[in-house]
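Summary of the model geometry
Single-letter residue listing:
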Number of protein chains: 2
Amino acid sequence: MKRQNFSRKREAILEAICATDTHPTAEWVYQRLKAEFPDLSLGTVYRNIAQFKSAGRIRSVGVVKGQERLDGDTAPHAHFVCSGCGAMLDLKRDFLPREVNEEVGKIFGLEVENHELVFRGKCNHCMRKHPGA
Amino acid sequence: MKRQNFSRKREAILEAICATDTHPTAEWVYQRLKAEFPDLSLGTVYRNIAQFKSAGRIRSVGVVKGQERLDGDTAPHAHFVCSGCGAMLDLKRDFLPREVNEEVGKIFGLEVENHELVFRGKCNHCMRKHPGA
DNA sequence: TTCAATAATAAGAATTATTATTGATTTGAT
DNA sequence: ATCAAATCAATAATAATTCTTATTATTGAA
């Protein structure tokens, strides 16, 4: 017969990450799937995340408040991180052309693979909550 | 007369961070100063780093391999992080004008305070060590 | 079906980085 | 010298992540 148990949790982990734009943490994924898979363990989530990362199916988009944030959208794009609530938003707009990687590599004598642009500040919600920050 | 409350250790911690361009970790600072201050504790390093950060005298420039990296140069500039050895280099060149912060804020309805641009890849040294990576 | 090899798993221990607590000591204005 | 606030080291606590281990599931072959 076809495998059942094999892939379901793993698929669900990947699916959960890809289906959200919240740039979730491992803990978020775990909490999300616990209802559907009561015997899921956090270690399994971490293990699969590591595998998906090295397979290039998801990527890490930084650490916010000590927790790694994941993104199922592996196409390069910029982010905004709210220093209040930690929300991470996509900023899909071309700030820097991709050629800049090559340029930088040449100028500084490095092998540049990619770049990450992160804006920081307060999101709309936190702006109202803590005005004048 | 205003109190200074700057002990020698405290001065040394700030000085150590500002005097290097390696973007050190707390542990690095601790190891660095242990010879001069044998009774220094890692907790003191962390405590002072936190104070210097909130006073704006140093800043955090990201987390590499799970460790927070510090920079005594608070003027905005881009960085390069080597995925091999974790080295962090300054790239002092204007990639994005500062006005982009305001623009992004307007366009996306956010209060943007700053942005961080990080290039990733292999440094010269690691390039030779692991060719073709 | 039975078997062995392989891969996925949960649970929890271990590790690592960081923060908080505590109680003693030092500092500096008076 | 006095005294309150600042500073300190040591230690305990916390939080995120990784590692270990024993168990179970899957597969392909005999």
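Structure: above.
These figures come from a predicted structure and were not determined experimentally. All chains use their own residue numbering, which begins from 1 and follows the written sequence. Starting at A for chains and at 1 for ligands, labels are handed out in the order in which the entities are written. Local features are withheld for residues below a pLDDT of 70 in this predicted model, meaning they are given only at 70 or higher, and side-chain atom pairs are given and counted only at 80 or more; totals for whole chains, interfaces and linings count all residues. To obtain the side-chain values, all non-hydrogen atoms of the structure were used and water was disregarded.

Side note on the overall build of chain A
What counts, and what does not: Secondary structure is summarised from DSSP: a helix means a run of H or I of at least four residues, a strand means a run of E of at least two, and numbering begins at the N terminus for each. Values of the radius of gyration come from C-alpha atoms, whereas the globule rule sets the reference at 2.2 Å times the count of residues to the power 0.38. Residue exposure (1.4 Å probe, protein chains only): buried if accessible area is under 20% of the type maximum, exposed if over 50%, otherwise partly exposed. Residues are treated as being in contact if the distance between any of their heavy atoms lies within 4.5 Å. Here the open area of atoms and residues is found with the Shrake-Rupley method and a 1.4 Å probe, where only the protein chains shown may cover a residue. A residue counts as positive if it is Lys or Arg and as negative if it is Asp or Glu; His and the chain ends are not included. Taken as the charge centre is NZ of Lys, CZ of Arg, CG of Asp or CD of Glu, depending on the residue.
The helix and strand tally for chain A stands at five helices and five strands. Reading chain A from its N end, one meets helices and strands in the order α-α-α-β-β-β-β-α-β-α. Rg of the C-alpha trace for chain A: 18 Å, well past the compact-globule value of 14 Å for 133 residues, more than 25% over. Overall size of chain A, expressed as C-alpha extent along the three principal axes, is 55 × 45 × 25 Å. For chain A, the proportion of its 133 residues judged to be buried stands at 40%. Contacts in chain A between residues far apart in sequence, at least 24 positions, make up 45% of those at least 6 positions apart. Surface accessibility of chain A: about 7800 Å² in total, with carbon and sulfur atoms responsible for 50%. Taken together, the 21 basic and 17 acidic charged side chains of chain A have centroids lying 7 Å from each other.

Observations concerning the protein's contact with DNA strand C
Going by this rule: One heavy atom suffices: a residue is near a molecule or strand as soon as one of its heavy atoms comes within 4 Å of it. Here a polar contact means two N or O atoms within 3.5 Å. Within protein one must be a hydrogen donor candidate and the other an acceptor candidate, and residues neighboring in sequence count only if both atoms are side-chain atoms. Each residue is assigned to one class: nonpolar for Ala, Val, Leu, Ile, Met, Phe, Trp, Tyr, Cys and Pro, charged for Asp, Glu, Lys and Arg, and polar for all the others, Gly among them.
Taken together, 15 residues form the shell around DNA strand C, and within it A:Lys9, A:Asp39, A:Thr44, B:Tyr46 and B:Gln67 come nearest. Atoms of DNA strand C within 4 Å of the protein: sugar and phosphate make up 82%, bases the balance. For DNA strand C, a phosphate oxygen lies 3.5 Å from a polar atom in the backbone of A:Ser41. The side chain of B:Gln67 places a nitrogen or oxygen atom 2.9 Å from a phosphate oxygen of DNA strand C. Looking at the surface near DNA strand C, the elements with two or more residues in it are α1 (5-18) and α3 (42-54) of chain A together with α3 (42-54) and β2 (67-71) of chain B. Residue composition of the surface near DNA strand C, by class: five nonpolar, five polar and five charged.

Here's the deal with the nonpolar core
Inclusion rule: We call a set of buried Ala, Val, Leu, Ile, Met, Phe, Trp, Tyr and Cys residues a nonpolar core when their side-chain atoms join them within 4.5 Å.
A:Phe95, A:Phe119, B:Phe95 and B:Phe119 are the most contacted members of the largest nonpolar core, which totals 28 residues. Elements that contribute at least two residues to this core include exactly β3 (78-82), α4 (99-108) and β5 (111-122) of chain A together with β3 (78-82), α4 (99-108) and β5 (111-122) of chain B. Beyond its immediate chain neighbours, meaning those up to four positions away, A:Phe119 contacts A:Ala78, A:His79, A:Phe80, A:Val81, A:Leu91, A:Phe95, B:Val100, B:Asn101, B:Val104, B:Val112, B:Asn114 and B:His115.

Some remarks on the pairing of β5(A)
Two faces, one strand: in a regular strand the side chains alternate between the faces of the sheet. Let me state the cut-off plainly: Paired strands, as defined in this entry, are two strands with at least two bridges between them according to DSSP.
As paired strands, β3(A) and β5(A) are joined by four bridges and run parallel to one another. Residue pairing for β5(A): A:Val81 is matched across the bridge by A:Arg120. Bridging between β5(A) and β5(B) involves 11 bridges; their strand directions are antiparallel. From the neighbouring strand, A:Phe119 faces β5(B), where its bridge partner is B:His115.

A word on unusual backbone geometry
Residues other than glycine predominantly adopt negative phi, and peptide bonds predominantly adopt the trans conformation. Residue and element names in this part refer to chain B. The backbone of His 23 shows a phi angle near 55 degrees, a positive value even though the residue is not glycine. Tracing the sequence through the fold places His 23 in the loop between α1 (8-18) and α2 (26-34). Under the relative-accessibility criterion, His 23 is labelled buried at 1%. Located in the positive-phi region is Lys 65, a residue other than glycine, with phi close to 50 degrees.

A look at the sheet that holds β5(A)
Strand pairing in a sheet is mediated by backbone hydrogen bonds. Such pairs are either parallel or antiparallel. For the record, the criterion: In this analysis an axis means a line fitted to C-alpha atoms, helices contributing only their contacting stretch, and an angle means the value between N-to-C directions, from 0 to 180 degrees.
Pairing is mixed in the open sheet, where six strands are placed in the order β4(A)-β3(A)-β5(A)-β5(B)-β3(B)-β4(B). Each edge of the sheet is formed by a strand with only one pairing partner; in this case those strands are β4 (88-91) of chain A together with β4 (88-91) of chain B. Sheet twist, expressed as the average angle between the axes of neighbouring strands with direction ignored, equals 30 degrees. The sheet strands contacting α4(A) are β5 of chain A together with β4 and β5 of chain B, and the helix crosses β5(A) at an angle near 115 degrees. Contacts from α4(B) reach β4 and β5 of chain A together with β5 of chain B within the one sheet, and its direction differs from that of β5(B) by about 115 degrees.

Some points on the pattern of salt bridges
Note the cut-off: Counted as salt bridges are all cases of a side-chain nitrogen of Lys or Arg within 4 Å of a carboxyl oxygen of Asp or Glu.
On inspection of all chains with the given rule, the structure shows 14 salt bridges over all chains. Where A:Glu102 meets A:Lys106, a salt bridge forms, and the shortest distance between an N and an O atom there is 3.8 Å. One end of the pair is A:Glu102 and the other is A:Lys106, both in helix α4 and four residues apart, which spans about a single turn. A:Lys106 matches A:Glu102 in its accessibility class, with the two residues each being exposed. For B:Asp73, the salt bridge goes to B:Lys92, with nearest N and O atoms at 2.6 Å. Within this pair, whereas B:Asp73 is found in the loop between β2 and β3, its partner B:Lys92 is found in the loop between β4 and α4, the two being separated by 19 residues in sequence. B:Asp73 sits in the partly exposed class, given a relative accessible area of 23%.

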